[in-house]
Amino acid sequence: MGRSYIVEDAVEGYLSKLCEQQAGSVTGLLIGQSSTQRDFVVTATRTPQKEESAATAGNSPDKEWVIEHARQVSRMLPGGLSVLGVFIITDTDSKDTLTTLRQLVFAVENLISSEHLWNPADDDVTDCVTLHVNPKTRKTFCRTFDVKDPKSMAKPADWKYQSGVCSSWSMVSCCINVDMLVPLPDNRTGTENMDTSLKEELKVWAHQLESGVCLIDGKKLSEDTELTGGQKRNIRQTYTAQILLTPDDQRLTDVVQRCGGSVSVRGAVHSRAYLHSNKPKVKLAEKLLKRDVVSTVATRVQMLLEELLTSEEESKGSSRVKQQTEQFCLPRRVFCPVKVSGPVCVCDYLFSDEGLSEVTDRLKEMLDIDVDEEDLDTRQETPAEIPEKLCVFSARVETVESLEPKRNNYIGVAMASAVALLAAAVSVLYLSDV
């Protein structure tokens, strides 16, 4: 028997609206949460129109464009929400369409999973869903593929619409301190090399976080404990968690290596995870919350590095790099309700030089959500205070010393990379107060 998909009825209305509005084929993403018994689809979003291909796209979807859209959307999903699969609206024969959907769902999952910094768990669901909607007959064809099996064949799945799918979902949230020091290679380190060094260190930190002790409402509960045990149905539960980390056995002060600078990530972030109402257990809450912590930190650092890489490309051709001190603020997290009955939110990241209107524009473009600025939740994180005095690092540092952790209320990334024989450029990145 195939998997069952319980789908918010607002998704049915959304797909019907797309059938009426669009002349050609339309692709998009299905977003929700998987469980061992069934999956829950809470929202869907069409792939944004690519201007240069609007006139020539026809019925053939742009795979690279769909993949990029999925990458951007996955960054905007808090713990408990993920891209479950893809849909297509076309009057093309279902057999021909299935081949296209198979290619899309494998490509999307491969890209998203490649950016994960955590190890897959034994209970992770590896089936992804594809949905074909015929705009003329309004018939739907739902199939799943095991994306971890390259030879996987399509399996039929049950697609059922229901109201209030996430109306009683629980939420687990936490605030966690981050403190890591990343040495950079002893050469003329560019942003790309910095990206590699940061990703490797974030993987180490993610593994440490994975083995951390999670307290829910101040208690260490058994993994098999049901979070909503004894509670009435359709009543939303909220929990506050703490993640306690054990310091690494080997401190950075024990390591001597030649380097051109360092990146320091330090401070606190707000994280949250949403849990389906089908008897969720503590084990699931811990997994989803920890993964969200890793994802939100990695996403913000990556977004900043992408901007630095763009600036680096634009500055090529300059006569020389001068010694300088720069300050950067990493984006802070902003939440937005999904606009269905229930507590579930998506998120975006707001840079210090942006306004809320830019967040609403991205939510419309990426998730096709119409939202007013006053509906955005900006209370969880506030702009960080940037110290006036900054330290300039020497390019000839050969020993990286671990800085003692400080109990501050921001997460910052301090970067120093060698750009000349005797000097180093310094960039200081701060995220937010929580």
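What counts and what doesn't
Residues numbered from 1 in each chain as written. Predicted model: local features only at pLDDT ≥ 70, side-chain atom pairs only at ≥ 80, totals over all residues. Heavy atoms only, no water. Helix = DSSP H or I, 4+ residues; strand = E, 2+ residues; numbered from the N terminus. Contact = heavy atoms within 4.5 Å. Polar contact = N/O pair within 3.5 Å; in protein donor to acceptor, adjacent residues only side chain to side chain. Pairing = 2+ DSSP bridges. Axes fitted to C-alpha atoms, helices over the stretch in contact; angles between N-to-C directions. Salt bridge = Lys/Arg side-chain N within 4 Å of Asp/Glu carboxyl O. Buried < 20%, exposed > 50% of the residue type's maximum accessible area, 1.4 Å probe, protein only. Disulfide = S-S within 2.5 Å. Expected span 1.5 Å × (residues − 1). Arc of directions from axis to C-beta. pLDDT = per-residue confidence, 0-100. Core = buried A, V, L, I, M, F, W, Y, C linked by side-chain atoms within 4.5 Å. Right-handed = clockwise from strand over helix to strand, strands pointing away.

### Structural notes on the environment of Ser-35
Its location among the elements puts Ser-35 in the loop between strand S2 (26-34) and strand S3 (39-46). Note: C-alpha distance between Ser-35 and Pro-280 (245 residues apart in sequence) is 9.0 Å. Leave out the neighbours within four places in its chain, and Ser-35 touches Arg-3, Phe-40, Val-125 and His-276. Within the local environment of Ser-35, its side chain forms a polar contact with the backbone oxygen of Arg-38, the two atoms lying 2.4 Å apart.

### Notes on unusual backbone geometry
For Asp-217, which is not a glycine, the phi torsion comes out positive at approximately 55 degrees. When you line up the elements, Asp-217 lands in the loop between strand S10 (213-216) and strand S11 (238-244). In the Ramachandran plot, Asp-368 falls in the positive-phi region, its phi being about 55 degrees despite a non-glycine side chain. Mapped onto the elements, Asp-368 comes out in the loop between helix H6 (356-367) and strand S16 (382-383).

### Some remarks on the sheet that holds strand S7 (residues 155-156)
What the 8 strands build is an open sheet, ordered S7-S6-S5-S4-S2-S3-S1-S8; its pairing is mixed. Edge strands, defined here as strands with exactly one partner in the open sheet, are S7 and strand S8 (158-162). Pairing of strand S5 (residues 127-133) with strand S6 (residues 140-146) involves 7 bridges; the strand directions are antiparallel. Within S6, the position partnered with Val-129 by the bridge is Thr-144. Those strands touched by helix H1 (residues 9-21) are strand S1 (4-8), S2, S3, strand S4 (82-89), S5 and S8, and its axis lies near 30 degrees from that of S3.

### Focus: the pairing of S6
The loop that links S5 with its antiparallel partner S6 comprises 6 residues; one of these, Arg-138, has a positive phi angle of about 65 degrees. Of the strand pairs in this sheet, S6 and S7 are connected by 2 bridges, and their pairing is antiparallel. In the strand pairing of S7, Arg-143 is matched with Pro-156.

### A few points about the pattern of salt bridges
Going through the model one piece at a time under the given rule, you end up with 20 salt bridges. One salt bridge in this structure joins Asp-370 and Lys-364, with 3.3 Å as the shortest N-O distance. Residue Lys-364 is classed as partly exposed on the basis of its relative accessible area of 33%. When salt bridges that share partners are traced, they join Glu-68, Arg-71, Arg-75, Glu-115 and Glu-306 into one network.

### Considerations on the state of the cysteines
Using the criterion set out here, one finds 0 disulfides in the structure. Unpaired in this structure, Cys-345 has its nearest cysteine sulfur neighbour in Cys-336, at a distance of 6.9 Å.

### Digging into H1
Look at H1: 19 Å from first C-alpha to last across 13 residues, which is about the 18 Å you get at 1.5 Å a residue. Every buried residue belonging to H1 is among Val-11, Tyr-14, Leu-15, Leu-18 and Cys-19, and all of these are buried. Buried residues of H1 fall within an arc of 140 degrees about the axis and therefore sit on the same side. Residues of H1 that are exposed and angled more than 90 degrees away from the buried face: Glu-20 and Gln-21.

### Overview of the side chain of Asp-292
Note on placement: Asp-292 falls in helix H5 (residues 282-314). A polar contact of 2.8 Å, which involves the side chain of Asp-292, links it to the side chain of Arg-333.

### Comments concerning the confidence of the model for the protein
Looking at the protein as a whole, the pLDDT averages 80, with 75% of positions reaching at least 70. When pLDDT is averaged over each helix and strand of the protein, the minimum, 43, is found for strand S17 (residues 410-418) and the maximum, 97, for S4. Low pLDDT, under 50, characterises residues 388-411; the stretch is placed with 73 contacts to residues that sit more than four places away or in other chains.

### Quick notes on the environment of Tyr-161
Residue placement: Tyr-161 occurs in strand S8. Once residues within four sequence positions are removed from consideration, Tyr-161 is found in contact with Val-7, Glu-8, Asp-9, Val-11, Glu-12 and Leu-15. In terms of polar contacts, Tyr-161 uses its side chain to reach the side chain of Trp-159, at 3.0 Å.

### As for the nonpolar core
Core analysis: the biggest nonpolar cluster contains 88 residues, and Val-346, Leu-363 and Leu-367 have the highest contact counts within it. Sorting elements by how many residues they give to this core places H5 first, with 14 residues.

### So, the pairing of S5
Taken across its 7 residues, S5 has 7 buried, putting it largely inside the fold. Two strands pair when backbone bridges link them, and S4 and S5 are joined in this way by 5 bridges, in the parallel orientation. Its bridge partner lying in S5, Val-86 is registered against Thr-130. As for the winding sense of the linkage, the β-α-β connection from S4 through helix H3 (residues 94-114) to S5 is right-handed.

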